[in-house]
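Listed below, chain by chain, are the residues.
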Amino acid sequence: MTRAPERSRPAPPTPSPAQAVGRPLDRVDGPAKTAGLARYTADHHVPDLAHAALVHATVARGRITGLDTADAEAVGGVLAVLTHHNAPRMTPPAPVSALDLSTLAPGTTVDYLNTDRVHWNGQPVAVVVADSPDTARQAARLVRVTYEVEPAVTDFAAAQDDAVPLRGTLLVLGEERTGDAERALATAPVVVDHRYTTPAQSHHAMEPHATVAVWNGDRLTVHEGSQDVDWARRHLARRFGVPLAGVRVLSPHVGGGFGGKAPVWAGTVLTVLAARATGRAVRMVLSREDVIRTVGGRTPTVQRVALGAQRDGTLTALLHTGVSQVGRVGGTPEPVGSQSRHLYAAPHIWIRHSTTTLDVLPTAHMRAPGEAVGTFALESAVDELAVALGMDPVELRMRNEPDRDPLDGKRFSRRDLRAAYARGAERFGWAERTPSPRSMRDGHWLVGRGVATAFHLPVRLPADVTVRLRADGTVLVRCAFHEIGVGAATAQTQVAADALGVPVEAVTVEHGDTELPVGPQAGGSGQTASVATALLEACEELKRSVLALARRSPSSPLRGRRLSELRAGRGGLYRADAPDRGETYGVILTRAGRAEIEVRTAAGTRLGRTLQQARAAAGWFRDRRRWVRAVTGAHFCEVRVDEHTGEVRVSRWLGVFDVGRVVNPKTATSQLRGGIVMGIGAALSEETLVDPRTGRTVNPGLAEYHVPVQADLPRIEVDYLDEPDPTTPLGLLGVGEVGITGVAAAVANAVHHATGVRVRDLPVTLDRLL
Amino acid sequence: MRLTCTVNGDRHEVDDVWEGESLLYVLRERMGLPGSKNACEQGECGSCTVYLDGVPVCACLVAAGQAQGREVGTVEGLAGPGELHPVQEAFLEAGAVQCGFCTPGLLVATDDLVRRSRAEGRRPADAEIREALAGNLCRCTGYEKILDAVRLAADRMAGEAR
Ligand code: FES
Ligand code: FES
């Protein structure tokens, strides 16, 4: 096989060839995806399929007073027009409980089509079912709805004064402090204190949300692009009052998620409802406009960052407060101060989060909730401090690099931001930068360079895994994790191959199906490490079972040996002290008359799962008490700003990351790079525009919401330290979200260096520079 | 109306096509070829890129009737059954595929770009690649490996007969 050039990484790590982990293997799903044969939800055809389309409310708050469906029903091919008058009843969503995280599944608390209340401009108020998608959509346009409009709060900027501080819970970051930041700020010799804003943003995964629902009596099968099939299954079982065991959710291929496909949104529930009501299999593929009207995006934020420092750059005070938005019927605030608790060694720190509640579509988590926008404010402010001090921004950061967590003195499980900055500065040629703004130019282009720190806290979640080893030497790994594009199945193939000492070609991984053992959500950058932890445990257990079989035979060279004395390799177990003494799994199983042997990490029973979850949660809390487990990085950015038009072009980029061990450089670097590019979008163009008078999103499509395209970008270089975290199995942490963090600040800092203009409101559009 | 056209070398005839239907709809829903993806339906993302008489188009913007009597090429037809075309191989090996939703359209657009430059006896320059593929959005990869894949495909296809 020819390897593609890893252009942005001059010296790739060269682990021993026997190891799969660490090698840039091709994706296991690559052949199907490049052949156009990978089937996503919208590609599923099932017999007798009907199609559904949504009708959206056009007011922000009120009550439906009239529904005229006659014209829609008269369209040939229309099977049903469902409204709150005729839709089957559902059980409302369960209240949120920290004891059952699947209660977080619904994106909103609205009882769709079981209520005449309207809670946001765009809420589905009717569903048309027809024998073709075009017919359903055409008829949906003919449904006429009248409303009794009630006063609504729809202007985020105006709702600031009503923001309420968040109380911290297990699930939500509230207020945190050490020392007295306000006092320290008042007496600091150098102070910067500014307000920063970031707009609402949308995930815009390329695959629009889609659902196929098939009822068979009380049994329900759902095809759905999902980041959490277990949540989807539990939520649907509850809403439709059917046994959990009868609900199956399949999600083998997901066309991107970024957080938007973790909750269960209206489209999913209403497709299942439509299938229930009509007795047909129903598919609903949301248009991009439907997605933006019904799937929550990132909250807008207003943040204050104040920094106090000595003249030598030593930070004395760090204050970071922020307001984010939720909807009256649900939503997730963003902990914008998350990174500010851990990044700088200030003796006085105060972090506070507040929310304001609007009559709009509930917000949802989007890639690196908290840090993605929080780093914009913090890392811009640090740059402003560097300017105020006349100090190099890298040097200022290194001066304040903490040895222990600044808030509570905990150890970092690993942290080598110094090495990341040192490597980055060298590769980028940071020393060539002349410090003063507007001091570098190339014709009519003003050239500027900026840096910013990336920071993310990956989560760890419980996972159930089964591993089956067959006498022919092949291995089957089963776990309902999610392939949203990250290369999850490929990574677990590599982990299993190494753990059992078999070639990667011998391993098959099944995922994305609730019939499999329950896996973790694809979220919080935790899926790969979480599944790998369970998978390694299962592989150990499996090897123990195989050894037990071998030891029964008097002829086995493994007789009398303990597992700790053996190495897995060459498709079997061999003695560490005498590598030619051992035997293959095939020989052991065949001799024992076994076609296969299987282990699973948690008992398939409910009790077994509860115990396993409790164990995982206990481990997580123990770890949290001991360590701060974070991933970090250093972004180096060069921009060119047209002196006359204010047009900003990003002309160079280098990100150097400290993310623990990397399972697969080919997929991991793309994850990091994709995050950087999404961050460049946030920096320069991305903004979901909501009309403050009506609460209606006015740019619900890719024509008016600008995500970066190839022609907008320079080569994005990505590098990483590749040093294992000493506190996790295999040294894995997580790479999915850290890439986007810090990016917008690096751009804004470079823009300031180029132009002398400080932009504190994203996105940095040209009108802000003229 | 009845629509007759050639798709990936096979003659297709479909009845009862509604005048407002897009070529993308016909391919996906009526011809059993869901490889081309629908991500925006407004010509913004390129996920639906197919060949129409050898010219790449956004199939979501082409009315089905416009394909009457013409030749359509989709991702499913780039290579023979069970095979991968050099462009597909390059995407796989370069790591240019993540979620894969943008991939089918990008493959067709890349194939076109590489063919055109090969016909002129050269390989596409980086700036040209970025411009040519600017209409194909990818939200996952950050594009760099897509560029790698295009260069790799251009290198491989340079050796083939024209
Ligand atoms: S679906 Fe045709 S361009 Fe997006
Ligand atoms: S790979 Fe997901 S959109 Fe390109």
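Residues numbered from 1 in each chain as written. Chains lettered and ligands numbered in written order. Predicted model: local features only at pLDDT ≥ 70, side-chain atom pairs only at ≥ 80, totals over all residues.

Looking at an unreviewed UniProt entry, chain B carries the name Carbon-monoxide dehydrogenase small subunit, with the source organism given as Geodermatophilus saharensis.

The name that an unreviewed UniProt entry assigns to chain A is Xanthine dehydrogenase YagR molybdenum-binding subunit, with the source organism given as Geodermatophilus saharensis.

Here we take up the overall build of chain B. The helix and strand inventory of chain B stands at five helices and five strands. Secondary structure of chain B in N-to-C order comes out as β-β-α-β-β-β-α-α-α-α. Since a compact globule built from 162 residues should have a radius of gyration of about 15 Å, the 15 Å found for chain B is in line with a globular shape. Oriented by its inertia axes, the alpha-carbon framework of chain B measures out at about 45 × 35 × 30 Å. Scored against the burial criterion, the 162 residues of chain B give a buried share of 60%. Sequence-distant contacts in chain B: of pairs separated by 6 or more residues, those separated by 24 or more amount to 62%. (Helix = DSSP H or I, 4+ residues; strand = E, 2+ residues; numbered from the N terminus. Rg over C-alpha atoms; globule rule 2.2 N^0.38 Å. Buried ≥ 20, exposed ≤ 12 C-beta atoms within 10 Å, placed from the backbone. Contact = placed C-beta atoms within 7 Å.)

Now for the interface of chain B and chain A. Chain B puts 47 residues into the contact, and the matching count from chain A is 51 residues. When residues of the side of chain B that touches chain A are traced back to their parent elements, those giving at least two are helix 2 (86-94), helix 3 (103-119), helix 4 (126-132) and helix 5 (144-158) of chain B. For the side of chain B that touches chain A, the element with the most residues is helix 2 of chain B, which contributes five residues. Here the residues of the side of chain B that touches chain A sort into 23 nonpolar, 13 polar and 11 charged. (Nonpolar A, V, L, I, M, F, W, Y, C, P; charged D, E, K, R; others polar.)

Residues and elements named next belong to chain B. Domains assigned within chain B are domain 1 (3-77) and domain 2 (86-158). Each partner contributes residues to the interface: domain 1 has 13 residues there, and domain 2 has 11 residues. Of all the elements, strand 3 (residues 49-52) adds the most residues to the side of domain 1 that touches domain 2, at three residues. By residue class, the composition of the side of domain 1 that touches domain 2 is seven nonpolar, five polar and one charged. (Domains from an automatic or database assignment.)

Whether parallel or antiparallel, the strands of a sheet pair through hydrogen bonds between backbone atoms. Residue and element names in this part refer to chain A. On the basis of which strands lie adjacent, the open sheet formed by four strands has the order 22-21-20-26 and mixed pairing. The open sheet has two edge strands with one neighbour each: strand 22 (507-510) and strand 26 (596-600). Taken pair by pair, the neighbouring strands of this sheet meet at an average axis angle of 15 degrees, ignoring direction. (Pairing = 2+ DSSP bridges. Axes fitted to C-alpha atoms, helices over the stretch in contact; angles between N-to-C directions.)

For the rest of this paragraph, the subject is the UniProt feature "domain: Aldehyde oxidase/xanthine dehydrogenase a/b hammerhead" (unreviewed entry) in chain A. UniProt annotation of "domain: Aldehyde oxidase/xanthine dehydrogenase a/b hammerhead" (unreviewed entry) refers to residues 35-151 of chain A when read in the numbering used here. With 11% helix and 30% strand, residues 35-151 of chain A has its two end C-alpha atoms placed 53 Å apart. (UniProt positions renumbered as here; feature names shortened; annotations may be inferred.)

Turning to the domain arrangement of chain A, a few remarks are in order. All names here are of chain A. Once the domains are mapped, chain A shows domain 1 (408-458 + 629-770) and domain 2 (466-625). For domain 1 versus domain 2, the distance between C-alpha centres works out to 38 Å. Between domain 1 and domain 2, the residue contacts involve 16 residues of the former and 15 residues of the latter. Each residue belonging to the side of domain 1 that touches domain 2 can be placed in one class, and the counts come to seven nonpolar, seven polar and two charged.

Once that is clear, we can look at unusual backbone geometry. Trans is the common state for peptide bonds, and a negative phi is the common state for residues other than glycine. Residues and elements named next belong to chain A. In this structure, the amide linkage connecting Leu762 to the following residue, Pro763, adopts the cis form with an omega of -10 degrees. Residues other than glycine seldom take positive phi values, yet Leu730 does so here, at roughly 65 degrees. Checked against the element boundaries, Leu730 lands in the loop between strand 30 (716-720) and helix 16 (743-755). Look at Leu730 and you get buried, because 21 C-beta atoms sit within 10 Å.

The next point concerns the packing of helix 3 of chain B against helix 5 of chain B. Residues and elements named next belong to chain B. As a packed pair, helix 3 and helix 5 sit with axes 10 Å apart at the nearest point and diverge in direction by 45 degrees. The angle between helix 3 and helix 5 places the two elements in the oblique class. Considering the relative orientation of helix 3 and helix 5, their crossing is right-handed. For the pair helix 3 and helix 5, the contacting residues are Leu106, Thr110, Leu113, Val114, Ser117 and Arg118 in the first and Ile146, Val150, Ala153, Ala154, Met157 and Ala158 in the second. Classifying every residue of the contact of helix 3 with helix 5 by side-chain character gives nine nonpolar, two polar and one charged. (Parallel < 35°, antiparallel > 145°, perpendicular 65-115°, else oblique. Left-handed = near helix turned anticlockwise from the far one by under 90°.)

With that out of the way, let us pick up the sheet that holds strand 1 (residues 49-56) of chain A. All names here are of chain A. Pairing within the open sheet is mixed, and its seven strands lie in the order 3-5-1-13-10-11-12. Only two strands of the sheet have a single neighbouring strand rather than two, namely strand 3 (78-82) and strand 12 (247-250). Direction aside, the axes of adjacent strands within the sheet are offset by 20 degrees on average. In the packing of helix 3 (residues 133-140) onto the sheet, the strands contacted are strand 1, strand 3, strand 5 (124-130) and strand 13 (281-285), and the crossing angle to strand 1 comes to about 25 degrees. Sitting on the sheet, helix 6 (residues 266-278) touches strand 1, strand 3, strand 5, strand 10 (210-216), strand 11 (219-224) and strand 13, and the angle it makes with strand 10 is about 30 degrees.

Turning to the packing of helix 11 (residues 488-500) of chain A against helix 12 (residues 527-551) of chain A, a few remarks are in order. Residue and element names in this part refer to chain A. Where helix 11 meets helix 12, the closest approach of the two axes is 10 Å, and the angle between their N-to-C directions is 30 degrees. By the angle between their directions, the pair helix 11 and helix 12 is classed as roughly parallel. Crossing hand, helix 11 versus helix 12: right-handed. Residues Ala488, Ala491, Gln492, Val495, Ala496, Ala499 and Leu500 of helix 11 form the contact with helix 12, whose participating residues are Gln527, Thr528, Val531, Ala532, Leu535, Leu536 and Cys539.

Moving on to helix 16 of chain A. With 13 residues, helix 16 of chain A should cover 18 Å at 1.5 Å per step; its first-to-last C-alpha distance of 18 Å lies within 8% of that length. Following helix 16 of chain A by one or two positions, A:Gly756 has its phi on the positive side, about 80 degrees. (Expected span 1.5 Å × (residues − 1).)

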